[in-house]
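# Coordinate inspection notes
Below, each chain spelled out in residue letters.
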Amino acid sequence: MYTHAIVRRPGRDLADGITTAKLGAPDYERALRQHACYVHALVETGVGILALDPLPGYPDAYFVEDVAVVLPEVAVITRPGAASRRGEEVAIAPVLARHRPILHIVPPGTMDGGDVLVVGQSVFVGISSRTNEAAAQQLSIMLEGLGYRVVPISVATGLHLKSSVCTVAENTLLVAHRARTGWSGEALSHLRTVSVADGEQDAANALFVNDRILMAAGFPETHRRLEALAVPIVELDVSEARKMDGGLTCMSIRF
Ligand code: CIR
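Now for a quick tour of the structure. All figures in this text were calculated on a predicted structure; none of them were measured in a lab.

### Focus: the sheet that holds strand β12 (residues 207–209)
Within a beta sheet, neighbouring strands are joined by backbone hydrogen bonds and run either parallel or antiparallel to one another. Taken together, the 3 strands give an open sheet; going across it, the order is β12-β13-β14, and neighbouring strands pair in mixed fashion. This sheet does not close on itself; its edge strands, each paired only once, are β12 and β14 (233–236). Ignoring strand direction, the axes of neighbouring strands in this sheet form an average angle of 25 degrees. Of the strand pairs in this sheet, β12 and strand β13 (residues 212–216) are connected by 3 bridges, and their pairing is antiparallel. Bridge pairing links leucine 207 to leucine 214 in β13. Relative to the sheet, helix α1 (residues 28–44) contacts β12, β13 and β14, its axis offset from that of β14 by approximately 165 degrees. Sheet contacts for helix α5 (residues 220–227): β13 and β14; angle to β14, the most-contacted strand, approximately 165 degrees.

This is the structure in C-alpha cells:
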C-alpha cells in the first residue's frame, strides 16, 4: 500500500512546457481544476499528499514523476533527459530525503521516471529519447543488492515507457499495441496483460494506487476491458495534461 504521494501544482507558464501533442495550448484555470480533482482522487485512495508549489522557470515541473524513482528501500533522484527540465530534480531531493536514503543518477546517465515501471522485483526501464543505457546500468548497480532486476526495454514510439504500458492491478499491465515490440516474451510472460483498445492510445497511461485504477476519461472500450479486473475505476478529465504529453502517472510520485 502507498502511504504518500508528492504532487506539484501546475504553474501559469504550463503552456511553455515541452510537447509533441497536437491538441492545442493548455488552459491554466482548467488545468488547475483538473489537477485539484486528480489530487482529490489520490486522497480518496488513502495516501497523504505532499503538495508542492509551482517551480518558477520549470513549466513541466508538475510532472513530478519524472524526477524520482522511489522504492521501499531507497529513492533514486533522476537526471531528466530534457535539458529544460534539468534542475527539477534538485527541488524534489529534500522532500524525499525525509522518507528514504537518496541516490542519484549521474552523467552521462539521463533518466525520466516516466520510463521506469516497477512490477514486484522487476524494474523495467524504457530506453527512450529521455532515458539512456548508462542510466539503466547505474540503476541496475544501485538496485541489484536490494534484490531487484533491472530490465531495459526499447521504447519505439511515445514519449516514455509508461506512455504505452502501466500497472492496473497486481502483476497486471495495461499495454498499448505499439508497446509490445520492445518487450521480449520472457519479460512479460509472468504478467497478465490487458490491451488498450484501438484508437484509445491515450488511455494507456493509467495509475493503479491502493487497489484503485485512476484512468483518463473518454476511453470507453478500454474502460470496459479494465472492468474485467474487478478493481474500482475512477475516471478523471486530464485533457490539459494530455496537451503537454502528460497523463495519470506523471503528476505524482507514490510511495
Ligand atoms: C515532457 O515532455 O517532459 C512533459 N511535457 C511531459 C512529461 C510527462 N511525464 C510522464 O509521462 N511521466
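### A look at the site of the ligand
Around the ligand there are 13 residues in total, and Ile18, Arg85, Arg130, Met244 and Cys250 lie nearest to it. Taking isoleucine 18, its main chain carries an N or O atom lying 2.6 Å from a nitrogen atom of the ligand. Within the backbone of methionine 244, a nitrogen or oxygen atom sits 2.8 Å from a nitrogen atom of the ligand. For the ligand, whose free accessible area comes to 350 Å², the fraction covered by protein is 98%. Classifying every residue of the shell around the ligand by side-chain character gives 5 nonpolar, 2 polar and 6 charged.

### Structural notes on the nonpolar core
One finds Tyr38, Leu42 and Ile213 to be the most contacted residues of the largest nonpolar core, which totals 40 residues. Elements with a contribution of two residues or more to this core: β1 (4–8), α1, β9 (165–169), β12 and β13. The element that contributes the greatest number of residues to this core is α1, accounting for 6 residues. Leave out the neighbours within four places in its chain, and isoleucine 213 touches Val168, Ala206, Leu207, Phe208, Leu226, Leu229, Val231, Pro232, Ile233 and Val234. With 17 residues, the next largest nonpolar core counts Leu71, Ile105, Ala135 and Leu143 among its residues.

### Looking at the environment of leucine 55
Inspection of the secondary structure puts leucine 55 in the loop between β2 (48–52) and β3 (68–70). Residue leucine 55 is classed as buried on the basis of its relative accessible area, which comes to 18%. Between the C-alpha atom of leucine 55 and that of leucine 143, which follows or precedes it by 88 residues, the distance is 30 Å. Among residues more than four places away in sequence, those in contact with leucine 55 are Arg8, Ala61, Glu88 and Ala91.

Definitions and limits used
- Residues numbered from 1 in each chain as written.
- Predicted model: local features only at pLDDT ≥ 70, side-chain atom pairs only at ≥ 80, totals over all residues.
- Heavy atoms only, no water.
- Pairing = 2+ DSSP bridges.
- Helix = DSSP H or I, 4+ residues; strand = E, 2+ residues; numbered from the N terminus.
- Axes fitted to C-alpha atoms, helices over the stretch in contact; angles between N-to-C directions.
- Contact = heavy atoms within 4.5 Å.
- Near = heavy atom within 4 Å.
- Polar contact = N/O pair within 3.5 Å; in protein donor to acceptor, adjacent residues only side chain to side chain.
- Areas by Shrake-Rupley, 256 points an atom, 1.4 Å probe, with all protein chains shown as cover.
- Nonpolar A, V, L, I, M, F, W, Y, C, P; charged D, E, K, R; others polar.
- Core = buried A, V, L, I, M, F, W, Y, C linked by side-chain atoms within 4.5 Å.
- Buried < 20%, exposed > 50% of the residue type's maximum accessible area, 1.4 Å probe, protein only.

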